[in-house]
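A closer look at the structure
Read off the chains here:
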Amino acid sequence: MAEDVVVFEKKDLPNVAFPAMEAIRRQGKLCDVTLKVDDQKFTAHRIVLAASIPYFHAMFTHDMAESKQDEIAMQGIEPCALEALVNFAYNGRVQMDASNVQSLLVGASFLHLQTVKDACCNFLNERLHPSNVIGVRAFAEQFMCSSVVDAANRYIQKYFMEVSKSEEFLALAKVDVIDIVSRDELYVTSEEQVFEAVVAWIKKDLHCRRQDMPELLTKVRLPLLTPQFLSDRVATEELVKNSLKCRDLLDEAKDYHLMPERRTQLQTFRTRPRCCTDIVGIIFAVGGLTSSGDSLSTVESYDPLAIQWNPAEPMTTLRSRVGVTVLHGELYAIGGYDGHHRLDTVEVFNPVARSWRLVSPMTCKRSALGAAALDGRLYVCGGYDGIMSLNSVECYDPEADQWVMVSRMTKHRSAAGVTVFDGQIYALGGHDGLSIFDSVECYNNLTGRWTQVASMLTKRCRLGVASLDGKLYAAGGYDGSGFLKSVECFDPVTNQWTYVSPMNVKRSRVALVGNCGKLYAIGGYDGVSNLNSVEMYDPEKNTWVFIAAMCAHEGGVGAGVVPLFHNQHLNDP
């Protein structure tokens, strides 16, 4: 007969034993080692230190001289940090704040306490601020805290405008300023902010830094500045006027604007728009059609961090085939069709107040129009007024609350794709009621002219269009005989369109937007049904994947991306 064996286990023994050992230590009993830093001493138990701290485990178990010493002198660690980390060996807790986190991190690195070091890194990451991020980054580089260095670099890029005004930025060495202002990933609403940051850095120590202006100005993307700013601000800046090299860079930028037909020959990194993929935008799906063909006032929003769609405040008007764009952080719903009439009305959603308001109506009624925002104004292109396809274009000034007609497109375009790309308004494809186009034209708001550019590989109407990372994408649509899932991409450097991976499903009337370095193809019509599905394109992997489907729409929506108000996310100092 087998023996009757019972195993008793007290699972909470470590939770009981360690507090008891801590209490014994505080009474000064049974301690067998003293750690000395400067003139301060801390008594402890070798076995506890060896069990909890890798540095002491190696010291006490490998016959090092210190393993037999009653008193051990410690170097390279502050007394307060050593005390906190010895306490941690007994109770598993360490209290950190802004005044001690750096010394704790240094001490944890010295003692090879990776978990505490990671906790200190997380503390620093969560408390980055424009006034401290550069100093934190320098500290993290010194102690090889790659997660903090990466977080600090992303923070500098995301909040460059605020960081560039800090004393830490103005005190940087030239090599560090060049590194920052060279980055593609800087989030700036205008290249003006980079120019002003460079000038401010130079003028902080004008006597010593004046000679650095030409080298720094090569990193400012002057061709992306408006001609007015180039003339009124850059050309009048003494640092530029007094440098032949700076004036040459200014002339290059002026040529870029004066000779748009030669832009393909003038392409350099200075003509490439910056793109900060860390700036998260909320995608709004607006209006559209029900499965029975009725127009909707419904609005919903997609948060790419939460990976879900949420209901948003509905518009005041039913709108399908609506033009949607974003200006100054507000979402515009323009024209469209309410089920009975083509509309000239325009309403604006303020995401902070979470409310819609009407602004001045357009000059013309338009559905199936294209809309885009450029240089503080809105542009609407083409569409259908209930009788014919349009080639007219209107511009809206939000400060004057006024619409004015500007130069007409070369073609009448209804259901075209319209977006801003390379500093101009691009109109792609569409139809005139008889023919579907593969042609593309772009509008320079400075010259007031439309010019033909390279045609798409496929004729398309009801397509989705968006720009991303210096490329222009056209997705889906209808070619007159079939519904499309093909996607093509225009590279201004080669001046050519090429196919990329097709979407997973055919999508006509698809909305296409760029956000966080990805493309989102939203809704549409596959030839049989309206679609609520959404696909996301990763340009690095050249793949489309399905993400969360819309909850309140069945297709044919307009879409716009409202950047999160990043000033609301600045940590307190």
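Summarised in this report is the structure supplied together with it.

Reading the values: the criteria
Residues numbered from 1 in each chain as written. Predicted model: local features only at pLDDT ≥ 70, side-chain atom pairs only at ≥ 80, totals over all residues. Heavy atoms only, no water. Core = buried A, V, L, I, M, F, W, Y, C linked by side-chain atoms within 4.5 Å. Buried < 20%, exposed > 50% of the residue type's maximum accessible area, 1.4 Å probe, protein only. Helix = DSSP H or I, 4+ residues; strand = E, 2+ residues; numbered from the N terminus. Contact = heavy atoms within 4.5 Å. Pairing = 2+ DSSP bridges. Axes fitted to C-alpha atoms, helices over the stretch in contact; angles between N-to-C directions. Parallel < 35°, antiparallel > 145°, perpendicular 65-115°, else oblique. Nonpolar A, V, L, I, M, F, W, Y, C, P; charged D, E, K, R; others polar. Expected span 1.5 Å × (residues − 1).

**Examining the nonpolar core**
One finds Leu49, Phe169, Phe195 and Met213 to be the most contacted residues of the largest nonpolar core, which totals 82 residues. Examining the composition of this core, we find that eight residues originate from one element, helix H4 (residues 79-91), more than from any other. Residue contacts for phenylalanine 195: discarding those within four places in its chain leaves Met213, Leu217, Val220, Leu222, Phe229, Arg233, Val234, Glu237 and Val240. With 15 residues, the next largest nonpolar core counts Tyr302, Tyr520, Met536 and Val561 among its residues.

**Some points on the pairing of strand S7 (residues 323-327)**
The element S7 is largely enclosed, with a buried count of five among its five residues. Residues Gly323, Thr325 and Leu327 line one face of S7 and the alternating positions Val324 and Val326 line the opposite face, and both faces are buried. As paired strands, S7 and strand S8 (residues 330-334) are joined by five bridges and run antiparallel to one another. Bridging from a neighbouring strand, valine 326 pairs with leucine 331 of S8. Taking the residues that link successive antiparallel strands as the turn, the S7-S8 hairpin has two residues, and the phi of histidine 328 there is positive, at about 50 degrees.

**Brief notes about the environment of threonine 271**
Mapped onto the secondary structure, threonine 271 falls in the loop between helix H17 (244-258) and strand S4 (281-286). Expressed as a C-alpha distance, the spacing of threonine 271 and valine 7, which sit 264 residues apart in the sequence, is 74 Å.

**Describing the packing of helix H6 (residues 114-125) against helix H8 (residues 146-158)**
Close contact between H6 and H8 brings their axes to 9 Å; oriented N to C, the two are set at 10 degrees. Taken together, H6 and H8 sit at an angle that is classed as roughly parallel. Contact with H6, carried on its side by Cys121, Leu124 and Asn125, involves Ser147, Val148 and Ala151 of H8 and no other residues of that element. Looking at the contact of H6 with H8 residue by residue, the class counts come to four nonpolar, two polar and no charged.

**Some details on the pairing of strand S21 (residues 483-491)**
The element S21 is extensively covered by neighbouring structure, given that seven of its nine residues are classed as buried. In the sheet, strand S20 (residues 471-478) pairs with S21 via six bridges, with the strands oriented antiparallel. The partner of alanine 474 across the bridge, within S21, is glutamate 488. The loop that links S20 with its antiparallel partner S21 comprises four residues; one of these, glycine 480, has a positive phi angle of about 105 degrees. In terms of strand pairing, S21 meets strand S22 (residues 496-500) through five bridges, oriented antiparallel. Its bridge partner lying in S22, cysteine 489 is registered against threonine 498. Between S21 and S22, which pair antiparallel in sequence order, lie four residues; one of them, asparagine 495, sits at a positive phi of approximately 60 degrees.

**Considerations on helix H12 (residues 192-204)**
Compared with the 18 Å implied by 1.5 Å per residue over 13 residues, the 18 Å span of H12 between its first and last C-alpha is a close match. Of the residues making up H12, those classed as buried are Gln193, Val194, Phe195, Ala197, Val198, Val199, Trp201 and Ile202.

**Notes on the sheet that holds strand S15 (residues 417-421)**
In space, the four strands of this open sheet follow the order S15-S16-S17-S18, with antiparallel pairing throughout. Both edges of this open sheet fall to S15 and strand S18 (449-453), since each of them pairs with a single strand only. Neighbour-to-neighbour, the strand axes of this sheet turn through a mean angle of 25 degrees, independent of strand direction. Strand direction decides the pairing type here: S15 and strand S16 (residues 424-428), joined by five bridges, are antiparallel. Across the sheet, phenylalanine 421 pairs through a bridge with glutamine 424, a residue of S16.

**Notes on the sheet that holds strand S23 (residues 511-515)**
Strand order in the open sheet made by the four strands is S23-S24-S25-S26, with antiparallel pairing throughout. With one partner strand each, in any of the chains shown, S23 and strand S26 (543-547) form the two edges of the open sheet. Taking the axes of each pair of neighbouring strands and ignoring which way they run, one obtains an average angle of 25 degrees across the sheet. Across five bridges, S23 lies against strand S24 (residues 518-525) in antiparallel orientation. Along S24, the bridge assignment pairs valine 513 with tyrosine 520.

**Here's the deal with the environment of glycine 429**
Along the chain, glycine 429 turns up in the loop between S16 and strand S17 (440-444). Along the sequence, glycine 429 and valine 465 sit 36 residues apart, while their C-alpha atoms lie 9.9 Å from each other. In this structure glycine 429 touches Arg413, Ala416, Phe437, Ser439, Met456 and Arg460, once residues within four positions along its chain are discounted.

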